[in-house]
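# Coordinates in review
Residue-level listing of the chains:
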Amino acid sequence: MGTFIGVYLPCLQNILGVILFLRLTWIVGAAGVLESFLIVSMCCTCTMLTAISMSAIATNGVVPAGGSYYMISRSLGPEFGGAVGLCFYLGTTFAGAMYILGTIEIFLTYISPSAAVFQAEAVEGEAVEGEAVALLNNMRVYGTCTLALMALVVFVGVKYVNKLALVFLACVVLSILAIYAGVIKTAFDPPDIPVCLLGNRTLSKRSFDVCSKMHVVANNTVTTALWGLFCNGSRPSATCDEYFAQNNVTEIQGIPGVASGVFLDNLWSTYADKGAFVEKKGVPSVPVPEEGRTRGQPYVLTDIMTCFTMLVGIYFPSVTGIMAGSNRSGDLKDAQKSIPTGTILAIVTTSFIYLSCIVLFGACIEGVVLRDKFGEALQGNLVIGMLAWPSPWVIVIGSFFSTCGAGLQSLTGAPRLLQAIARDGIVPFLRVFGHGKANGEPTWALLLTALICETGILIASLDSVAPILSMFFLMCYMFVNLACAVQTLLRTPNWRPRFKFYHWTLSFLGMSLCLALMFICSWYYALFAMLIAGCIYKYIEYRGAEKEWGDGIRGLSLNAARYALLRVEHGPPHTKNWRPQVLVMLNLDTEQRVKHPRLLSLTSQLKAGKGLTIVGSVLEGTYLDKHEEAQRAEENIRTLMGVEKTKGFCQLVVSSSLRDGMSHLIQSAGLGGMKHNTVLMAWPASWKQAAGPFSWKNFVDTVRDTTAAQQALLVAKNIDAFPQNQERFSEGHIDVWWVVHDGGMLMLLPFLLRQHKVWRKCRMRIFTVAQVDDNSIQMKKDLQTFLYHLRISAEVEVVEMVENDISAFTYEKTLMMEQRSQMLKQMQLSKTEREREAQLIHDRNTASHTAVASKTQAPPTPDKVQMTWTKEKLVAEKHRNKDAGVTGLRDLFSLKPDQSNVRRMHTAVKLNGVVLSKSQDAQLVLLNMPGPPKNRQGDENYMEFLEVLTEGLNRVLLVRGSGREVITIYS
């Protein structure tokens, strides 16, 4: 049974059960032969296209246990595979419940009605309701016992299920042959099956035997039981129903045979509303008003409204068995050969049987009998049983074993599907169901399947659940087709299926047909099934294990990313699309951990998951020596990015110097059009003690690099005081000091921050600085108008700065700054002199060695110059350097500050005082960041100016625009 027969037999188990249990004859009668042929062709085409796609996937490598789930998950990823696989598992499990209920219904209705445990209570007017309740209770009892017996058989071993499958298949084949034999027999000897009509209306023969109003008994004309159903008494003079009085009672043959020509009458559809009469076309009838109609008249009525789309939904479960064999892929010797051969052969067989039965039923059976869903005109008998030869019991027994076998196949395939999902570990709480017996049988999965199946049996009526089952199956088929189409279109090197008879257009057509059938059957059930699958998908994405299976969705994402990158490469983004694409510069400690984690918090608050974020850092050294530390640092950064919910990319560079590494990141981070336009870094808080790698020199050079690269720069001062993502400001202000009009980036940043929950309740204030001769009132109006057009809500205030005399504090601050600068130069000079002295000693030793050697060699040529250092020269040089150092220190303490530095310091002190007076209590202050000096003289003074400018403020964001970012007023 490990060959293709193991796939072929499960797919055939439900054929006869569908023909009987789903009442294919009724579908033919309602839709007509042509539309029924179209319905069956659509469903069979859908399954055939799905089988072709499944065959291509199944032959592209080994298919272990899991079948359709394994194919989808390895082709579309764990999220799609898990979502569709769980939906398909639920569908297969409830289908098992449906087959078991069908088995019990056939047993209690047609085989042994006396075996019912619950009997209908004889309450007048409620006989039908009582019979229905009793039948449901009997189905619950017998269904539970049957489920327990089937689960025991599956638990013992799948080999016993395969042996029983042969017996069931033999019954199915005999029943189908009996149907064909009965059709052939009707050509020369049609059965005598009378159907009673009143006018053109079909009558139910459950409550009468003689199809006549009156008949003669002993030369006396007496009324029949039919008369009593339509009249007030048994006398001929009694008052009767008007339609009964004006129309005749006639009998026609229910199965006139192939040669009768009834095929033309059954060719077209006869759709009807719920409660409509089942009428025969072409029979004379006298119409009467319906007001006089009373309950209890033996008419055959339609129980539900019929239309094309509704019949598609009713019929489709007949083709949901094509995955039954593939679900047992783990038990097959060679799944790559068995699945394509067995599945396609089963579909060809079922399609032929379905289509031929439609034609033969339409050619043999009268239309009113076809539309009689429950066989009421035949005293409750099965019309197919009466058509079959030699006995109706062949059909009854065959349908019983067919549904019983289909239930066993569902209980065999569903646990293996769940076990495959559990063993992959993509759904954490299902991992326990991956365990089983020593031989791999899914014991725990079988127990859960039986419990879910018991739920369906206790419901007892699956009329509302059955459409959802069809949706789950259709969704699985749709994703199988999608997986094949994606793999074919991507042309991945690993896509080399042995099955060659496929094409992406066929897969796409199958996918489209599955989606169309979902909405044709029931659009609201389709949406409900998609919602369930979507919830499972998001759960797996959020809580499931990370799996990398080389799936097609990842390849599709790479192709889409490549296409998008090529599209955005053509030019810079439009002003309306501009947003900060941030390169975050992180500093690491000696253990490769991030020094300022709040920098990533600020990034996520600023970006809110939108745009590009690159988190970069630099390790000093060579890559060969530092590659393990680099990997550890990258893991630490990625972990911190996950904690801070920063969505972006990590890029770590190993460079010989920190300065070069940061420059490389600024130049080369990103890819194509997805490059950063803004650099975010922390203020070097310990720059005054700077002699290490994070000195002010690296900071100033980075500022120059961003300016040269035309990128904006954001510098966060006191970054450790910035809020975490979990914090919330219930009040406060974000103050913007708009000193230099840089295109509006200062306006945009607070707006972006206020989109995040941390800053949402903070109000925005904008301060602009005016000189004495400026018109402050007009400046305020212009700025308010500008903000109105920008659709930004903020308070506006114009601050006037009055030119005062330079204070003694400013003078002293400037003097201290310049003394420190000079001291740094002297320290650097002393270091240079020490290096020069060491070089002089080295030169003296070299010169002495050369003089000794010259005595034994030829005299030197005139163009060579020899330097000879004597002891006196060295002592004189040393005293000269010492005197120069003492003189420099004296000059350092007798300095007078430079007037330009005094003016700059005065401006910084005054602006800092104004900012403190207005924004000392603000949650965040944004300031224009002045640029460093063009020449490298005075870089340390630049740092001092920035320090004085922001002194006393809690949280500061210094902003230096590139001039390329512009906030626009246009839509």
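Definitions and cut-offs
- Residues numbered from 1 in each chain as written.
- Predicted model: local features only at pLDDT ≥ 70, side-chain atom pairs only at ≥ 80, totals over all residues.
- Heavy atoms only, no water.
- Axes fitted to C-alpha atoms, helices over the stretch in contact; angles between N-to-C directions.
- Helix = DSSP H or I, 4+ residues; strand = E, 2+ residues; numbered from the N terminus.
- Parallel < 35°, antiparallel > 145°, perpendicular 65-115°, else oblique.
- Nonpolar A, V, L, I, M, F, W, Y, C, P; charged D, E, K, R; others polar.
- Contact = heavy atoms within 4.5 Å.
- Disulfide = S-S within 2.5 Å.
- Buried < 20%, exposed > 50% of the residue type's maximum accessible area, 1.4 Å probe, protein only.
- Salt bridge = Lys/Arg side-chain N within 4 Å of Asp/Glu carboxyl O.
- Phe/Tyr/Trp six-rings, centres within 6.5 Å; stacked < 30°, edge-to-face > 60°.
- Lys NZ or Arg CZ within 6 Å of the ring centre and 35° of its normal.
- Pairing = 2+ DSSP bridges.
- Patch = residues over 30% accessible without salt bridge, like charges linked within 9 Å, V, L, I, M, F, W, Y side chains within 5 Å.
- Areas by Shrake-Rupley, 256 points an atom, 1.4 Å probe, with all protein chains shown as cover.

## Overview of the packing of helix α3 (residues 24–58) against helix α12 (residues 335–364)
Taken N-terminus to C-terminus, the directions of α3 and α12 make an angle of 170°; their axes are 9 Å apart at the nearest point. Regarding the angle of α3 to α12, the classification is roughly antiparallel. Looking at the contact of α3 with α12 residue by residue, the class counts come to 21 nonpolar, nine polar and no charged.

## Digging into the packing of helix α21 (residues 598–607) against helix α25 (residues 745–753)
Between two packed helices, both the angle of their axes relative to each other and the distance between the axes serve to describe the pair. At their nearest, the axes of α21 and α25 sit 7 Å apart, and the two run at 95° to each other. One element, α21, and the other, α25, form an angle in the roughly perpendicular class. Of the residues in α25, those touching α21 at Leu602, Gln605 and Leu606 are Leu749, Leu752 and Leu753.

## Brief notes about the state of the cysteines
Enumeration according to the criterion identifies two disulfides in this entry. With a sulfur-sulfur separation of 1.8 Å, Cys231 is cross-linked through a disulfide to Cys240. Its S-S torsion of about 105° marks the bond between Cys231 and Cys240 as right-handed, since a negative value means left-handed. The class for Cys231 is buried, based on a relative accessible area of 8%. The cysteine Cys535 is free of any disulfide, with Cys87 supplying the nearest cysteine sulfur at 9.6 Å.

## What to know about the side chain of Lys280
Looking at the secondary structure, you find Lys280 in the loop between α10 (262–265) and α11 (308–315). What makes Lys280 buried here is its relative accessible area of 16%. Every residue in contact with Lys280, bar those within four places of it in the chain, is listed here: Leu197, Asn200, Ile252, Glu366, Val368 and Arg371.

## Some points on the pattern of salt bridges
In this structure the tally under the stated criterion is 15 salt bridges. Across the pair Asp189 and Lys185 runs a salt bridge whose closest N-O atoms are separated by 3.5 Å. For Lys185, a relative accessible area of 25% corresponds to the partly exposed category. For Lys373, the salt bridge identified is with Asp303, shortest N-O distance 3.3 Å. Residue Lys373 is located in the loop between α13 (367–370) and α14 (383–387), and its partner Asp303 is located in the loop between α10 and α11; the two are separated by 70 residues in the primary sequence. The exposure class assigned to Asp303 is partly exposed, which follows from its relative accessible area of 27%. Through salt bridges with shared partners, one network takes in Arg659, Asp701, Arg704 and Asp705.

## Topic: the packing of aromatic side chains
As enumerated under the stated definition, the model contains 22 aromatic pairs in all. On the basis of an interplanar angle of 85° and a centroid distance of 5.4 Å, the ring pair of Phe88 and Phe473 is categorised as edge-to-face. Residue Phe88 is located in helix α5 (residues 78–111), and its partner Phe473 is located in helix α17 (residues 466–490); the two are separated by 385 residues in the primary sequence. Residue class for Phe88 comes out buried when judged on its relative accessible area of 2%. When the ring of Phe499 is compared with that of Phe501, the centres are 5.7 Å apart and the planes differ by 75°; the resulting orientation is edge-to-face. Since its relative accessible area comes to 14%, Phe499 is described here as buried. Every member of this aromatic cluster is reached through a ring pair, and the members are Phe107, Tyr142, Phe168, Phe400 and Phe401. The ring centre of Tyr299 lies 5.4 Å from the NZ or CZ of Arg201, which sits over that ring.

## Topic: the pairing of strand β8 (residues 649–655)
Within β8, five of the seven residues are buried, leaving the element largely enclosed by the surrounding structure. Across seven bridges, strand β7 (residues 613–620) lies against β8 in parallel orientation. Within the sheet, the bridge partner assigned to Glu620 lies in β8 and is Ser655.

## Side note on a nonpolar patch on the surface
Together, Leu515, Phe519, Trp523, Tyr524 and Leu527 make up a nonpolar patch on the protein surface, roughly 510 Å² of accessible area in all. Put simply, the parts of the chain that give the nonpolar patch at least two residues each are α18 (504–521) and α19 (523–543). The element that contributes the greatest number of residues to the nonpolar patch is α19, accounting for three residues. Mapped onto the elements of the fold, Trp523 is located in helix α19.

## A short note on the sheet that holds strand β2 (residues 201–202)
The strand order β2-β1-β5 describes an open sheet built from three strands, whose pairing is antiparallel. Since the sheet does not close on itself, it has two edges, and those belong to β2 and β5 (249–253), each with one partner. Sheet analysis places strand β1 (residues 194–198) next to β5, joined by five bridges and oriented antiparallel. Bridged to Pro194 within β5 is Gln253.

## A look at the pairing of strand β10 (residues 712–717)
Among the six residues of β10, six are classified as buried, and the element is accordingly described as predominantly covered. Where burial is concerned, the two faces of β10 agree: the one with Ala712, Leu714 and Ala716 and the one with Leu713, Val715 and Lys717 are both buried. Alignment of strand β9 (residues 678–682) against β10, held across five bridges, turns out to be parallel. Its bridge partner being in β10, Ala682 is matched across the sheet by Ala716. The pairing of β10 with strand β15 (residues 956–960) spans five bridges and is antiparallel. If you follow Val715 over to β15, its bridge partner there is Leu958.

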